[in-house]
Protein chains: 2
Amino acid sequence: MQHEKTTVVDCTIRDGGLMNDSHFDLETVRAVFRACCESGIDVCELGYRNSKEMFDPAKFGAWRFCAEEDLKKATDGIDRGDMKVAMMMDAHKSTPDDLLPANESQADMIRCATYVQDINKAIRLAKAADELGYETAMNIMAITHAHMPELEDCLDQIEEETNVQAVYIVDSFGNMYMDQLHFMVAKYQMHLKTKAVGVHFHNNQQLAFANTMEGIVNGATWADGTINGLGRAAGNCPLELLIGFLKNPDIDILPILDCLGKHIIPLKENIEWGYHVPYMITGILNQHPQAAMQWMAGPDKHDYVKFYAEVDE
Amino acid sequence: MQHEKTTVVDCTIRDGGLMNDSHFDLETVRAVFRACCESGIDVCELGYRNSKEMFDPAKFGAWRFCAEEDLKKATDGIDRGDMKVAMMMDAHKSTPDDLLPANESQADMIRCATYVQDINKAIRLAKAADELGYETAMNIMAITHAHMPELEDCLDQIEEETNVQAVYIVDSFGNMYMDQLHFMVAKYQMHLKTKAVGVHFHNNQQLAFANTMEGIVNGATWADGTINGLGRAAGNCPLELLIGFLKNPDIDILPILDCLGKHIIPLKENIEWGYHVPYMITGILNQHPQAAMQWMAGPDKHDYVKFYAEVDE
């Protein structure tokens, strides 16, 4: 009935930034940050600290890089209490050189996102961040494309070589049904003796929240959500639903709902996240949503039969 | 991996009619009917056969009454194969007098919808329909408001006194988490030795599809869906997701996707079904969505904090 021990991570600005090249205005970022602080959740991830070598700053907004001065503008004057500020770093799109020592940074935590094949880069990054004084976590993306025994080796490496607090099951494509989730949680728990298991799900099949709950019930203790599910393509587990489920008396849903109505709903004018059939189709087919995102921007967006024929291999 | 034995029921026009007073134009109804026939699902419910004493025909559309001549217009010239045509009758809003003998009707099946307290009316209705030659099913609405032992008595009565093929768990308010679902499926199975268990869920917390799957995995063998989830308030389990999960080689998803893009998406101009925060709030609070539907039509539709304060008792 109650899951107080769940570490709740908001990644609205970070994952949502995949829909608008991280071009959020400062007011929106501050509103999300303030709502997270006021609600009492554990971690707010304000964007990526990715490399300007890999992303053109003329094209991408501030929250793809999270420069210290921008983090300061986003958080200045807002009482963050015990809440941690996180940044995500893609293992293949950033380097340890992008980090200051933690005591000179606005951020407390680095979450390393990686595909199984980039695990060595991710471990190097996580160790560097750890040595610089950050808390660390590891998000293994596209888990429904991972094969055994590579994934098992990857989990063993993380367990042995890093100090990350949590290792995430990330269903980037929104493909996962519950039987696979059960398998993955058990697999992670078997290999990660000293780390928490985290869950980050996408909503292509309207399962992001259900799978997050089921992950928690089965032992995951870190869970990601975004306000109104804002995130790439079909989006994420809606933070408001997660909070409603957790029934943690220290977390208040109202600041999140207030921010949702005032700052997230207006974004719908320009960004079309959430459940749409092209995203559902790539989810069912276990594919990256990129083709669906392109289709949604094209002239035949509601010709689902044509899209299905294009992507069904 | 495969659940071929699931009886799949489409109730797009019936449940969707709760959003537009059953005012669908004939072209839409025929398109849904044709898509169901072509996809190979088992049952298509075309509306309510409710009483004109209870619903003013000047206000409500044809699909609240399903007059035989309208059913004929909706189905004429379309090869229905083995698919059954169903109508729903509300136990407290219709009488057996509203029914012709089955062999004079376009409909094959009567689904009796009832609250626990109206079970005697529902049983009378189901028995009358059975005697007239219809297949029958029973939908127990608002199951999250049912108390024990009343629900147990109700299930025993249905088991002993009727020939209904299936008895549904209906989460009218979209309140149910998985632990309660497990409890209900087990409770139904314990009391219904000769009937199938059915599942009909609403999407207030984005759990309609997840709960439908979990119901099936736990032994429910009848499942309701609607195209794109069209239905009251947050809507229903999307039929296209259910089909994607079932992997029944006799069911084709493409006619459903085609109908969805061409005939259901355009309805969004006038009907706002799906996940919206006011519906989520009534779902979490285990309340009828009526207050949320009114709020969504008002001037403060995105002031969720104000709505929460109004409905939180």
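Rules of the game
- Residues numbered from 1 in each chain as written.
- Chains lettered and ligands numbered in written order.
- Predicted model: local features only at pLDDT ≥ 70, side-chain atom pairs only at ≥ 80, totals over all residues.
- Helix = DSSP H or I, 4+ residues; strand = E, 2+ residues; numbered from the N terminus.
- Rg over C-alpha atoms; globule rule 2.2 N^0.38 Å.
- Core = buried A, V, L, I, M, F, W, Y, C linked by C-beta atoms within 7 Å.
- Buried ≥ 20, exposed ≤ 12 C-beta atoms within 10 Å, placed from the backbone.
- Contact = placed C-beta atoms within 7 Å.
- Axes fitted to C-alpha atoms, helices over the stretch in contact; angles between N-to-C directions.
- Parallel < 35°, antiparallel > 145°, perpendicular 65-115°, else oblique.
- Left-handed = near helix turned anticlockwise from the far one by under 90°.
- Least-squares fit on C-alpha atoms with pLDDT ≥ 70 in both.
- Right-handed = clockwise from strand over helix to strand, strands pointing away.
- Pairing = 2+ DSSP bridges.
- Nonpolar A, V, L, I, M, F, W, Y, C, P; charged D, E, K, R; others polar.
- Domains from an automatic or database assignment.
- pLDDT = per-residue confidence, 0-100.
- Arc of directions from axis to C-beta.

(A) Representation of the overall build of chain A. Within chain A one finds 12 helices and 8 strands. Computed over its C-alpha atoms, the radius of gyration of chain A comes to 18 Å, within 12% of the 20 Å expected for a compact globule of 313 residues. Across its three principal axes, chain A shows a C-alpha extent of roughly 55 × 45 × 45 Å.

(B) Spatial organisation of the nonpolar core. With 210 residues, the main nonpolar core has Leu46 of chain A together with Leu46 of chain B as its most contacted residues. Leaving out residues up to four positions away in the same chain, Leu46 of chain A has contacts with Ile13, Arg14, Val29, Phe33, Trp63, Cys66, Leu71, Ala74, Val85 and Met87 of chain A.

(C) Seen up close, the packing of helix α10 (residues 277–284) of chain A against helix α12 (residues 304–311) of chain A. Residue and element names in this part refer to chain A. Viewed as axis vectors pointing N to C, α10 and α12 meet at an angle of 30 degrees, and their least axial separation amounts to 10 Å. By the angle class used here, α10 and α12 are roughly parallel. Two packed elements cross with a definite hand, and for α10 against α12 that hand is right-handed. Between α10 and α12, the contacting residues are Val277, Pro278, Ile281 and Thr282 on the first element and Tyr304, Phe307, Tyr308 and Val311 on the second.

(D) Geometry of the relation of the copies chain B and chain A. Each copy of the sequence occupies a distinct position, and chain B is placed on chain A by a rotation of 180 degrees and an axial shift of 0.0 Å, giving an RMSD of 0.0 Å. Both copies are brought into coincidence by an operation consistent with a two-fold rotation axis. A shared binding surface is used by both copies, with 100% of the interface residues of chain B retained as interface residues in chain A.

(E) Expanded view of the environment of Lys262 of chain A. With respect to the element layout, Lys262 of chain A can be found in helix α9 (residues 254–264). Given 16 C-beta atoms within a 10 Å radius, Lys262 of chain A is considered partly exposed.

(F) Representation of the pairing of strand β3 (residues 84–90) of chain B in the model. Residue and element names in this part refer to chain B. Where burial is concerned, most of β3 is hidden: 6 out of the 7 residues are buried. Viewed along the sheet, the connection from strand β2 (residues 43–48) through helix α3 (residues 68–75) into β3 turns out right-handed. Relative to strand β4 (residues 109–114), β3 runs parallel, the two sharing 5 bridges. Looking at β4, one finds that Met87 is bridged to Ile110.

(G) Structural view of the environment of Ala74 of chain A. Residue and element names in this part refer to chain A. Inspection of the secondary structure assignment puts Ala74 in helix α3 (residues 68–75). Overall, the presence of 25 C-beta atoms within 10 Å leaves Ala74 in the buried class. Counting along the chain gives 32 residues from Ala74 to Gln106, while the straight-line C-alpha distance between them is 9.9 Å. With residues up to four places along the chain from it excluded, the contact list for Ala74 reads Leu26, Val29, Arg30, Phe33 and Leu46.

(H) Local environment of the sheet that holds strand β6 (residues 166–171) of chain A. The strand order around the closed barrel built from 8 strands is β1-β2-β3-β4-β5-β6-β7-β8 (chain A), with neighbouring strands paired in parallel fashion. Taking each pair of neighbouring strands and ignoring which way they run, the sheet shows an average axis angle of 25 degrees.

(I) The pairing of strand β3 (residues 84–90) of chain A, seen in detail. In this sheet, β3 of chain A lies alongside strand β2 (residues 43–48) of chain A in parallel orientation, the contact comprising 4 bridges. Bridging across to β3 of chain A, Cys44 of chain A finds its partner in Val85 of chain A.

(J) Just the interface of chain B and chain A, in detail. At the interface, 28 residues of chain B touch 28 residues of chain A. Secondary structure elements with two or more residues in the side of chain B that touches chain A: α7 (208–217), α8 (239–246), α9 (254–264), α10 (277–284) and α12 (304–311) of chain B. A per-element tally of the side of chain B that touches chain A places α9 of chain B first, with 5 residues. For the side of chain B that touches chain A, a count of residues per class yields 19 nonpolar, 5 polar and 4 charged.

(K) Spatial organisation of the sheet that holds strand β6 (residues 166–171) of chain B. Residues and elements named next belong to chain B. If you walk around this closed barrel you meet the 8 strands as β1-β2-β3-β4-β5-β6-β7-β8, and the pairing is parallel. Between one strand axis and the next, the sheet turns through 25 degrees on average, direction left out of account. Inspection of the sheet shows strand β5 (residues 135–140) paired to β6 by 4 bridges, in the parallel sense. Each residue of the ladder has a partner; that of Asn139, found in β6, is Tyr168.

(L) Expanded view of the domain arrangement of chain A. Residues and elements named next belong to chain A. Partitioning chain A into domains gives domain 1 (7–269) and domain 2 (277–311). The gap between the C-alpha centroids of domain 1 and domain 2 is 25 Å. If you look at the interface, domain 1 gives 9 residues, while domain 2 gives 11 residues. When grouped by side-chain class, the residues that make up the side of domain 1 that touches domain 2 number 3 nonpolar, 5 polar and 1 charged.

(M) Spotlight on the environment of Gln287 of chain B. Residues and elements named next belong to chain B. When you line up the elements, Gln287 lands in the loop between α10 and α11 (290–296). The class of Gln287 is partly exposed, set by 19 C-beta atoms lying within 10 Å. Spatially, the C-alpha atoms of Gln287 and Phe173 are 6.0 Å apart, while their sequence positions differ by 114 residues.

(N) Focus on unusual backbone geometry. All names here are of chain A. Each neighbour pair has its own omega, and for Met148 with Pro149 the value is 5 degrees, a cis peptide bond. You can see Pro149 is positioned in the loop between β5 (135–140) and α5 (150–161). Here the phi dihedral of Asp21 falls at roughly 50 degrees; this positive angle occurs in a residue that is not glycine. Take Asp21: there are 14 C-beta atoms within 10 Å of it, and that puts it in the partly exposed class.

(O) Local environment of the confidence of the model for chain A. Taken over all residues, the pLDDT of chain A has a mean of 97, while the share at 70 or more is 99%. Complex prediction metrics read pTM 0.97 and ipTM 0.96.

(P) Representation of the packing of helix α6 (residues 178–191) of chain A against helix α7 (residues 208–217) of chain A in the model. All names here are of chain A. Orientation of α6 relative to α7, taken along the N-to-C sense of each, is 35 degrees, at an axis distance of 10 Å. Remark: the crossing between α6 and α7 carries right-handed chirality. Contacts between α6 and α7 involve Met178, Leu181 and Val185 from the first element and Asn211, Glu214 and Gly215 from the second. Here the contact of α6 with α7 is composed, by residue class, of 3 nonpolar, 2 polar and 1 charged.

(Q) How the structure looks around α3 of chain A. Residues and elements named next belong to chain A. Listing the buried residues of α3 in full gives Leu71, Ala74 and Thr75. Along α3, the residues classed as buried sweep out an arc of 85 degrees about the axis, all on the same side. Exposed and facing more than 90 degrees away from the buried side of α3 are Glu69 and Lys72. For α3, the elements touching its buried residues are α2 (26–39), β2 and β3. Of the residues trailing α3, Gly77 is marked for its positive phi of about 80 degrees.

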